[in-house]
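# Analysis of the macromolecular model
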Amino acid sequence: MILDILARAIRQEKEIKAIQIGKKAVAKSEVEKAIKRAIDVGYRHIDSAYIYQNEEEIGRAIQMKIADGTVKRGDLFYTTKLWSTFFRPELVQTCLESSLRKLQLSYVDLYLTHFPIAMKPGEDFFPKDTYGNIIFDTVDLCTTWEALEKCKDAGLAKSIGVSNFNRKQLEMILNEPGLKYKPVCNQVECHPYLNQSKLLEFCKSKDILLVAYATLGSDFRKKWVKKDNPVLLQDPVLNTIAEKHRRTPAQVTLRYQLQRGVAALAKSFNEKRLKENFQVPGRVLGSRGLTEAHRFPRDGLFGRLPMCIWAKLISLYILCVYVLYLTILSSKSYKGGGMVVVKNSRQRVRFESQSWFSLNSTALSKSSLDFFS
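Before going into details, it helps to say that this report is about the structure given with it. (Residues numbered from 1 in each chain as written. Predicted model: local features only at pLDDT ≥ 70, side-chain atom pairs only at ≥ 80, totals over all residues. Heavy atoms only, no water.)

## As for the overall build of the protein chain
Counting secondary structure elements, the protein chain contains 12 helices and 13 strands. Within the protein chain, the proportion of its 373 residues that are buried is 45%. Partitioning the contacts of the protein chain with sequence separation of at least 6, the portion at a separation of at least 24 is 69%. Surface accessibility of the protein chain: about 19,700 Å² in total, with carbon and sulfur atoms responsible for 54%. (Helix = DSSP H or I, 4+ residues; strand = E, 2+ residues; numbered from the N terminus. Buried < 20%, exposed > 50% of the residue type's maximum accessible area, 1.4 Å probe, protein only. Contact = heavy atoms within 4.5 Å. Areas by Shrake-Rupley, 256 points an atom, 1.4 Å probe, with all protein chains shown as cover.)

## Considering helix α3 (residues 89–103)
Residues separated by three or four positions in an α-helix point in the same direction, a consequence of the helix having 3.6 residues per turn. In this model, α3 (15 residues) spans 23 Å end to end at C-alpha, consistent with the 21 Å of a helix rising 1.5 Å per residue. Listing the buried residues of α3 in full gives Val-92, Cys-95, Leu-96, Ser-98, Ser-99, Leu-100 and Leu-103. Where α3 is buried, its residues contact α2 (55–67), β5 (77–82), β6 (108–113), α4 (141–153) and β7 (157–163). Gln-104, located one to two residues past α3, shows a positive phi value of around 60°. (Expected span 1.5 Å × (residues − 1).)

## Overview of the packing of helix α7 (residues 236–245) against helix α8 (residues 249–259)
Direction vectors running N to C along α7 and α8 enclose 95°, while the axes themselves pass 8 Å from each other. Between α7 and α8, the angle is such that the two are roughly perpendicular. Residue-level contacts link Leu-238, Asn-239, Ile-241 and Ala-242 of α7 to Pro-249, Val-252 and Thr-253 of α8. Grouping the amino acids of the contact of α7 with α8 by side-chain chemistry returns 5 nonpolar, 2 polar and no charged. (Axes fitted to C-alpha atoms, helices over the stretch in contact; angles between N-to-C directions. Parallel < 35°, antiparallel > 145°, perpendicular 65-115°, else oblique. Nonpolar A, V, L, I, M, F, W, Y, C, P; charged D, E, K, R; others polar.)

## A closer look at the packing of aromatic side chains
Applying the stated criterion to the full structure yields 4 aromatic pairs. Residues Tyr-50 and Phe-125 carry aromatic rings whose centres are separated by 6.1 Å and whose planes lie at 85° to one another, so their mutual orientation is edge-to-face. Taken as a pair, Tyr-50 in the loop between β4 (45–47) and α2 and Phe-125 in the loop between β6 and α4 lie far apart in primary sequence, 75 residues in all. Owing to a relative accessible area of 12%, Tyr-50 belongs among the buried residues under this scheme. A relative accessible area of 25% places Phe-125 in the partly exposed class. For the ring pair Trp-83 and Phe-115, a centre distance of 6.0 Å and an interplane angle of 80° mean the geometry is edge-to-face. One end of the pair, Trp-83, is in the loop between β5 and α3; the other, Phe-115, is in the loop between β6 and α4, and 32 residues separate them in sequence. Note on Phe-115: relative accessible area 29%, which makes it partly exposed. (Phe/Tyr/Trp six-rings, centres within 6.5 Å; stacked < 30°, edge-to-face > 60°.)

## A word on the pairing of β5
The buried fraction of β5 is high, at 6 of 6 residues. The sheet contact formed by β4 and β5 spans 3 bridges and is parallel. For His-45, the partnering residue across the bridge sits in β5 and is Phe-77. Taken together, β4, α2 and β5 constitute a β-α-β crossover, and its handedness is right-handed. For the handedness criterion, the β-α-β arrangement of β5, α3 and β6 is classed as right-handed. (Pairing = 2+ DSSP bridges. Right-handed = clockwise from strand over helix to strand, strands pointing away.)

So, in structure tokens, the structure goes:
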């Protein structure tokens, strides 16, 4: 679950603000305290889900803060998610109503499909067969989306959206005949090591807000996350930028998302970090810092060296080859008739401009310095 602050309105004149606090996979006894603490700090967007099984604690914390006058219901923006065992259209509203009862709320501000995967309905969150394999369900995602639209029409959800959708899955919803409401957002894992630039570009073109979870790096507690992966908040480039601006690496990472127009979810229970993450500076990253952060991904060929360094080394290599090429070419050329004529072994090639060959070491040095500055 998460709390947030942003600068972008979604459909019904309500802001999904942009920094949020994650509360999943944590002892229930800690959730209630963390929510109250976060609201006191200033967080107003709470993001949770049916499967997190902590909405009763969240609801109690919200009601306490409303009762003591800290906030009103209208000050808060609450998001919950439809779990995959409720994807059949007749079960969609049932899942939402269950969350509302636990939360002691009459509506949620945003209702998302948690994953674009349907599983067999029932009490088990991850239904399995006798061999331990997940039992999936055959459900058209578009019919599930139509059920979400009905939840919005019924006033149970102010807005509806999706989570963990790729471009094709989004297009399937957007191209559905008779579509009444398009997704207002798509919540996905997103951080400098996984910047989702193509998906972000597509979402912006469709006026869909990209919401980032795991903004401080992948959760190493997840089974599918490699334990030897680099730790984002320990990245030397990120820490250099943070030290330069006297900020924490987490603050720089959150600012990176905000400057890209992405709403950021930042999970924390520590009061000190809650305050730090909330105090994201107005503008930390200049164009160069943003570019360096954007090039963080380091999988495959480039190993563990930051991409910005590899880009400069490759560019320097290309520049050296280019200079060598010009040197060889110039040694075989001569001037004639106001043109530069280059002799090939079997033919002559004419170049319209003699100045094209007037590149000298000074000009090349200046251009290379401009690139590396």
